[in-house]
Amino acid sequence: MARSGLTARLGVDLPILLAPMAGGPSTPELVAAVSGAGGLGSVGAAYLSPEQIADACRRIRALTDRPFGLNLFAGGYPASAQVEARAALGVVAEAHARLGLPAPALPAVPPDPFPEQLEAVLETRPALFSFTFGVPAADDLARVRARGILVAGTATTVEEARALADAGVDAIVAQGGEAGGHRGTFCGAFEAALVPTLELTAAIAREVRVPVIASGGLMDGRDVARALAAGAQAAQLGTAFLACPESGASPAYKQALLAARSDTTVVTRAFSGRPARGLANAFIAAAEGRPGAILPYPLQNALTRGMRQAAAKQGQPDYLSLWAGQGVARVRALPAAELVRRLVDEMGT
Ligand SMILES: Cc1cc2nc3c(=O)[nH]c(=O)nc-3n(C[C@H](O)[C@H](O)[C@H](O)COP(=O)(O)O)c2cc1C
């Protein structure tokens, strides 16, 4: 396959990127399988400590010598949070009771992990550093680029793409409204930034002179080909890889994905305090049904962590964040390298 400017710079054969997926799905095995198959695997490292990031990189490098990426949350972290938490604690307490857990307590706001995580990125030197939720400080980006690491930022609007281009990124991930997981929106309201992936890709490619990586709802090779035709130099797929055996999604999560027969996703703040797209379930209905029951990020994320971990262990999808994009009904439970090969075959059909 002919390399675009971006794939050549990344040193990969295929214009196919595994979306970074924080919280467990992007295991070293999944990342290495996608990179080994000629695409670019990426670690969603936002919830990892610097030691865990270094360990993930060691494990990937033991499995493949191909390039891979690391991704962090960059921005939107509150300095402090004074909140009225009674309603939120009440909803999570009901979930805890059903899961046999003791009543939850209000967690403290943990410090922003980004500065320490960035040091781990600099030390481990992945081929690509990507980020979402904002734009890192110019000094930070300069240090990353000085190490020869390419930089990609996430945009959900043309305005955000311009801000990223002004910051000197090497590529822009155009995250369309179909995308699974957190909305990367950092300028304005997320509701005003749910542009369909192909529309957003074409608009950014037209308006900004930085390579575009299309992301959101891309599930098969025909989708990838359409994204490239819309002006993208590569496509980034998340949900498509979630049900692979190498994915770290829990069995209950994978089952819920494979059971979806149509788009049953919603965008909700219920699990983390930040808007994210996932399969609708009982916890979302309960939290959204009670006024004031969702705390801001990262408090809500910390508050629901125990519930989510217990639900995964107990195989209880009603209390899990089941992040998924709108193409979820087309998810395939194939080994990741096999899925990459299928995507390539389908691109020509
Ligand atoms: C489970 C899950 C976790 C995600 N975590 C991250 C993340 O840590 N960082 C990030 O930039 N994007 C994250 N995303 C969003 C993806 O980068 C991408 O925009 C999305 O997966 C594309 O839509 P698709 O899932 O329909 O392919 C996540 C998506 C999912 C489904």
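Here is a short report on the structure shown in this document. Since the structure is predicted, the reported quantities are computational estimates derived from the model, not experimental observations.

1. Re the overall build of the protein
Phase 1 of the analysis: Each helix and strand in the protein was counted, giving 14 helices and eleven strands.
Phase 2 of the analysis: Taken over C-alpha atoms, the radius of gyration comes to 19 Å for the protein, in line with the 20 Å a tight globule of 349 residues would show.
Phase 3 of the analysis: Oriented by its inertia axes, the alpha-carbon framework of the protein measures out at about 55 × 45 × 40 Å.
Phase 4 of the analysis: Relative to its full complement of 349 residues, the protein shows a buried share of 54%.

2. A look at the pattern of salt bridges
Two side chains with opposite charge may pair up if their charged atoms get near one another.
Phase 1 of the analysis: According to the stated counting rule, one finds 17 salt bridges in the structure shown.
Phase 2 of the analysis: Residues Asp220 and Arg222 are paired through a salt bridge, measuring 3.5 Å at the closest nitrogen-oxygen approach.
Phase 3 of the analysis: Between Arg330 and Asp223 there is a salt bridge whose closest N-O contact spans 2.9 Å. Of this pair, Arg330 sits in the loop between helix H13 (299-314) and helix H14 (336-347) while Asp223 sits in helix H9 (residues 221-229), placing them 107 residues apart in sequence.
Phase 4 of the analysis: Under the relative-accessibility criterion, Arg330 is labelled partly exposed at 38%.
Phase 5 of the analysis: Judged by its relative accessible area of 7%, Asp223 is buried.
Phase 6 of the analysis: Salt bridges sharing common partners tie together Asp220, Arg222, Asp223, Arg226 and Arg330.

3. What about the sheet that holds strand E8 (residues 212-215)?
Phase 1 of the analysis: Spatially, the eight strands line up as an open sheet ordered E1-E9-E8-E6-E5-E4-E3-E2, and their pairing is parallel. Looking at the sheet topology across the chains shown, the edges are occupied by strand E1 (16-18) and strand E2 (41-44). With direction set aside, neighbouring strand axes in the sheet form an average angle of 25°.
Phase 2 of the analysis: Note that E8 and strand E9 (residues 234-237) share three bridges and pair parallel. Bridged to Ile213 within E9 is Ala234.
Phase 3 of the analysis: Seen against the sheet, helix H5 (residues 114-124) touches strand E3 (68-73) and strand E4 (128-132) and runs at an angle of roughly 170° to E3.

What counts, and where the lines are drawn
Residues numbered from 1 in each chain as written. Predicted model: local features only at pLDDT ≥ 70, side-chain atom pairs only at ≥ 80, totals over all residues. Heavy atoms only, no water. Helix = DSSP H or I, 4+ residues; strand = E, 2+ residues; numbered from the N terminus. Rg over C-alpha atoms; globule rule 2.2 N^0.38 Å. Buried < 20%, exposed > 50% of the residue type's maximum accessible area, 1.4 Å probe, protein only. Salt bridge = Lys/Arg side-chain N within 4 Å of Asp/Glu carboxyl O. Pairing = 2+ DSSP bridges. Axes fitted to C-alpha atoms, helices over the stretch in contact; angles between N-to-C directions. Contact = heavy atoms within 4.5 Å.

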